[in-house]
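Residue-level listing of the chains:
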Number of protein chains: 2
Amino acid sequence: MLEDCLENIAQWEPVVGAFTAMNVDAARQAADAATARWRAGQPKSAIDGMVVGVKDMIDTGDLPTGMGSPLYDGYTPRFDAASVQGLREAGAVILGKTVTTEFASSQPRSTRNPWDPARTPGGSSSGSAAAVGTGMLCGALGTQVVGSISRPAGYCGAYGYKPTPGGINRGGSLDFLSQSVTDTIAATLGDAWVMARAIVERVGGDPGMPGITGPLTPPAAQRPLRLALIRTAGWPSLQPAAQASLETALETLCFHGITILTRETCPALAAVEAATVEARVQTLIINAWKWRWPLGSYVATDHSNVSASSRDRHIHSNTLTQNDYSVALARRAAARATLATLLQECDALVSITAAGGAPVGLEKTGDPIFVVPGSYLGVPGVALPVLEADGLPLGLQLLGAPGADAALSGHAAFVDDLLRI
Amino acid sequence: MLEDCLENIAQWEPVVGAFTAMNVDAARQAADAATARWRAGQPKSAIDGMVVGVKDMIDTGDLPTGMGSPLYDGYTPRFDAASVQGLREAGAVILGKTVTTEFASSQPRSTRNPWDPARTPGGSSSGSAAAVGTGMLCGALGTQVVGSISRPAGYCGAYGYKPTPGGINRGGSLDFLSQSVTDTIAATLGDAWVMARAIVERVGGDPGMPGITGPLTPPAAQRPLRLALIRTAGWPSLQPAAQASLETALETLCFHGITILTRETCPALAAVEAATVEARVQTLIINAWKWRWPLGSYVATDHSNVSASSRDRHIHSNTLTQNDYSVALARRAAARATLATLLQECDALVSITAAGGAPVGLEKTGDPIFVVPGSYLGVPGVALPVLEADGLPLGLQLLGAPGADAALSGHAAFVDDLLRI
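Fair warning: this is a prediction, and the values are worked out from it, not measured in the lab. (Residues numbered from 1 in each chain as written. Chains lettered and ligands numbered in written order. Predicted model: local features only at pLDDT ≥ 70, side-chain atom pairs only at ≥ 80, totals over all residues. Heavy atoms only, no water.)

Before we move on, could you go through unusual backbone geometry and cite the residues and values that matter?
Going from Gly123(A) to Ser124(A), the amide bond is cis rather than trans, its omega being 5°. Structurally, Ser124(A) is set in the loop between β3 (93-98) and α4 (126-133). Residue Pro294(A) is bonded to the preceding Trp293(A) through a cis peptide linkage, with omega at 0°. Within the secondary structure, Pro294(A) is located in helix α10 (residues 292-302). The backbone of Phe103(B) shows a phi angle near 50°, a positive value even though the residue is not glycine. The residue Phe103(B) is located in the loop between β3 (93-98) and α4 (126-133) in this model. With a phi close to 55°, Ala104(B) is a non-glycine residue in the positive phi region. (Helix = DSSP H or I, 4+ residues; strand = E, 2+ residues; numbered from the N terminus.)

How would you summarise the interface of chain A and chain B if you had to cite specific residues and measurements?
Across the boundary between the two partners, chain A contributes 46 residues, which contact 46 residues of chain B. Interface area, chain A with chain B, both sides summed: about 3,300 Å², of which 52% is carbon and sulfur. Per-residue buried area on chain A facing chain B is highest for Phe79(A), Trp293(A) and Gln322(A); these three make up 23% of the total on that side. On inspection of chain A and its partner chain B, the count reaches zero salt bridges. Summed over the shared surface of chain A and chain B, the result is 24 residue pairs in polar contact (both at pLDDT 80 or more). Sorting elements by how many residues they give to the side of chain A that touches chain B places α10(A) first, with seven residues. For the side of chain A that touches chain B, the residue count by class is 20 nonpolar, 16 polar and ten charged. (Contact = heavy atoms within 4.5 Å. Buried area = accessible area lost by both parts, 1.4 Å probe. Salt bridge = Lys/Arg side-chain N within 4 Å of Asp/Glu carboxyl O. Polar contact = N/O pair within 3.5 Å; in protein donor to acceptor, adjacent residues only side chain to side chain. Nonpolar A, V, L, I, M, F, W, Y, C, P; charged D, E, K, R; others polar.)

I'd like to hear about the environment of Ala220(B), residue by residue, with values.
Residue and element names in this part refer to chain B. Mapped onto the fold, Ala-220 is located in the loop between α6 (189-203) and β7 (226-229). A relative accessible area of 62% means that Ala-220 is categorised as exposed. Taking the C-alpha atoms as reference, Ala-220 lies 31 Å from Thr-98; in sequence the two are 122 residues apart. (Buried < 20%, exposed > 50% of the residue type's maximum accessible area, 1.4 Å probe, protein only.)

I'd like to hear about the sheet that holds strand β11 (residues 392-399) of chain B, residue by residue, with values.
Backbone-to-backbone hydrogen bonds join strands into a sheet, with any given pair of strands oriented parallel or antiparallel. Residues and elements named next belong to chain B. What the eleven strands build is an open sheet, ordered β1-β3-β2-β4-β6-β5-β10-β11-β9-β7-β8; its pairing is mixed. Strands at the two margins of the open sheet, each flanked by one partner only, are β1 (19-22) and β8 (259-261). Taking each pair of neighbouring strands and ignoring which way they run, the sheet shows an average axis angle of 30°. Here strand β5 (residues 159-162) pairs with strand β6 (residues 181-186) via three bridges, running antiparallel. Note that in β6 the partner of Gly-160 across the bridge is Ile-185. This element, α6, spans β2 (51-55), β4 (139-144), β5, β6 and β10 (381-389) of the sheet and lies at about 140° to β6. Each of β7, β8 and β9 (348-352) touches helix α12 (residues 322-345); the most contacted strand, β9, lies at about 100° to it. (Pairing = 2+ DSSP bridges. Axes fitted to C-alpha atoms, helices over the stretch in contact; angles between N-to-C directions.)

Can you lay out the side chain of Arg313(A) for me, pointing to particular residues and giving the numbers?
Residue and element names in this part refer to chain A. With respect to the secondary-structure elements, Arg-313 resides in helix α11 (residues 308-318). Within the buried set, Arg-313 has no salt-bridge partner at all; the shortest N-O distance to an opposite charge, 6.1 Å, is to Glu-102. A polar side-chain atom of Arg-313 sits 2.6 Å from a polar atom in the side chain of Ser-105. (Lys, Arg positive; Asp, Glu negative; His and termini not counted.)

Explain helix α3 (residues 82-89) of chain A to me, using residue names and the numbers behind them.
Within α3(A), six of the eight residues are buried, which leaves the element mostly enclosed by the surrounding structure. Against β2 (51-55), β3, β4 (139-144), β6 (181-186) and α6 (189-203) of chain A together with α10 (292-302) of chain B lie the buried residues of α3(A).

Summarise the packing of aromatic side chains; cite the residues concerned and give the values.
Describing an aromatic ring pair means giving the distance of the ring centres and the angle of the ring planes. Counted according to the given criterion, the structure contains 22 aromatic pairs over all chains. With a centroid separation of 5.6 Å and 40° between ring planes, the pair formed by Tyr161(A) and Trp193(A) is classed as tilted. In this pair, Tyr161(A) sits in strand β5 (residues 159-162) while Trp193(A) sits in helix α6, placing the two residues 32 residues apart along the sequence. We classify Tyr161(A) as buried; its relative accessible area is 2%. Ring plane angle 50° and centroid distance 5.8 Å describe the contact between Trp235(A) and Phe370(A), whose orientation is recorded as tilted. Of the two residues, Trp235(A) sits in the loop between β7 (226-229) and α7 (240-255) while Phe370(A) sits in the loop between β9 (348-352) and α13 (372-377), which places them 135 residues apart along the sequence. Residue classification places Trp235(A) among the buried positions, given a relative accessible area of 17%. With a relative accessible area of 1%, Phe370(A) lands in the buried category. Of the aromatic side chains, those joined through ring pairs into one cluster are Tyr72(A), Tyr75(A), Phe103(A), Phe176(A), Trp291(A), Trp293(A), Tyr298(A) and Phe79(B). (Phe/Tyr/Trp six-rings, centres within 6.5 Å; stacked < 30°, edge-to-face > 60°.)

Structure (C-alpha cells):
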C-alpha cells in the first residue's frame, strides 16, 4: 500500500503540492513492521499499516511542523501530538505532513486541486484533502473550525469526518478555538471512522471529554427514516449544476423511502435555519477573540512574517472584549438549543458542502458558508463526495446529534451506499 | 521594586533555588519603560511594572521552558503562552522562570522552603511560592490540578488564587487536564486578583469560556455571613498545632459574627464531604487517563529521561480505558452537583491547606489531601497564609461557587483583614 501511495505521489505531487515534509525511509520501516505484524496475525489495530498524513498544524516528533506560516520555519517539535501518538500506537504509517493554510485560517498556501490545478483544493486542510483525493495517502488528519474539512473533502473527492467537538484529543495541535475539532479524511467513509476511533481509543478526547465512542470497525449502514434538508445562509449562491446534483441525490434518497424534511413542512427545521443565518458572523467574533493569543505574540515578535489577513484579524481581535465573546457564545448556545427539537424529528441534517465545484484561483479557498453552520452548531458531520458539478466533485454533508457520532456514521454509510458514484 | 526583588534574590536564591532561568537585563528594560509610563500618567494596567515570574510549565518566548524535565533541556519556545502575553501587554516585568516539579506532577526538583531549607516548599508550583514568599518576586504564575497552588502558597507564606477552571487562558502551557487551571501567587490577596484579571481582560479564558470577570482592582472586602468548614479526607492527619491555629482563626471569625457551619449541623455540607472522600482516587484516574498523551510519546522517545514516578503513571494510564475515564468524570460530576445545595446555605467553604507546616525532606512535596477537594469540585479557591504551626506558615483556604470568583475574593479579603498576622 505504501508503494502504491509513493507511485501516486510521483505522479501527482509535482502538480498538486500537498506535502510540506515527508519521511519515506521511516515510513518504509513502519510499513515493513506492520506487514510483519499482519503476517504474524498480530496487527495492532484495524489501521495497522494504513498510510496517513498529518495536517501541518499538528505536532510530529520526527517531522517539521510549520503551521502554514514562516514564523514556524525550521520548527520540529520534540514530541508527537496526541492524535499522532494515537496513530503511531495503532500502527499507522505516518508518511508526511500536509499543507495547511496559515494557522488553519484563511490565507492559502501552495496546494492545487487535483481535478484542475487552476482551482483551489479548499482549505484549511488543503493538503490532506488533495493527497487523499489522489491516492497519495489512504487517510489524513485535518482540523475544522469553520469549514476546513467538509469543503476541501468535497472539492477534492475525499470522505471527511468531523467528530463532535472534543471528540479527538487536540493536545499538541495549535488548536485553541472552541468550535475546532481534529478530523479525519480518507478514501472511504469507513476508513475515516476507523482511523478516528483507533486514535481515540488510545488517547481520548479533549480535557474532560471521553472522546467519540462506538465500534472500532465501520458502523453498519443504517437506513435513516427522515433527513432534514438545511438550507444555509449561502443557499442563494448555489450554482445550477450543484443544485441539480443535490436534487438528484435527494430524489434517489426519497425513492429509497427516506423522507426529506424542509423548512416549509418542518417548523423545527425552520427554527434551526433562522438561528444559523448568523453562523458565520458569530463564528468570526468567537474565533477573533480567541485569536488575541497567540496573534498578539506573533505580531509583537515578528510582524513581517504575519500575513495581511492575519494582521487584519489581530486588529479585529483587539476591538473585542471578554463581554463580546460572552455575548457571542450565548447566541451560539441559543442556536444549539434549537437543534434538540429538530433532532427528535429526524435522524440527521443533510446539505451540500459548497455552492459548486472548486472555484478557479489559488488566492482563496472557496466560500465556507455552506459548512459553517455544522461547526457553529457543534455537531458531528460527514462529507460524502457523491455529488458533482461541471465535472468536479462536490460533497453531500450529513450532520448528526452531538455525541451520536456512530449513529451518524451508520446513517451516512447507508446514504453513501445509495449515492456512491 | 525590581531592584528590591533583585536584592532579595541575592540574599535568598542561593538557599532557596526558586528559579530555572532569569533575564535581568530584559527585566530592567521593562521596568524602566513601566516607570516612564507611570511618570507620564499612562500605565498600561494596575500591574504595569509588577515584577513577576512564570512557572516553568508555561511558554515564554524569551526564556527556556523546561517543564521540570530533562526531556525539555535546551527548549526555548518561539512565542509566549497566553497568560504571559497577557502579563506583558499589561506591562508586567517578567523576571524569570520558576521551578516546577516534573510536568507539574509529583516528582520534585531542587527548590527548598525559605522558612527552613530542610523542608519542602510544596509543589508543583514550588518556585513560584518560594520566590513570592521571600519577596524575590511580587507575583508569579502557577498551575493547580490537585493541590499545586494552595499547598505551596501555605507552606511558603504567600497568597494563592486558583480561579474557576477555565478562568485563565491556558494556551501555551503544557496543561491538558480537566481539573487544571492557571493561577496566581502574590504577596497580597489583592495583587493575586489584580494580576489574574489583568491577564484575562487581555487573553480571556480557556476555549469556549470567557474567563474570570469582575473588577480590575481588588474586590472590596465583603463580610461572609456563613462559612462551611469542610473536613476533608485528610482530617485525621491534622497535626495539633495546625488544628489549634485553625480553631483560633475560626473563633476569631465567629467573634466577628461569621457563622461556621459543620457537618453536624448542616446536612448539605455532610453530603459534600461524603462526595469528596474519594476526591483523590478519582482525580488520579482522571489525570492518569489524560496522561496517556504525552507520556506515551515521552516514553517512546526517551524513556531514560522520564522519572520513575512518571513511568509508573504511564503504566497506570495504560491500564485505563475511555470508559474508565467516563465513569470517573460522572462521579466527579455527581460530587459537583452536591455543592449547589450547600452554596445556597453559605457564602464559601473554609478549610486548611495541609496537615501542618511544610514537612522535612525534599524528596516529596507534602500531602495534597486537604486541597484536592477544591480541585475535584471545580471551584475557585484562595489560600491565605494566616495560620501557623510550629513556627511555620500555613494556609487557610476558602472555596467559592464556580464562576463567582470576584465574590470569593471579596469574602476572602474580609477574612484576611481579620486574621492577617
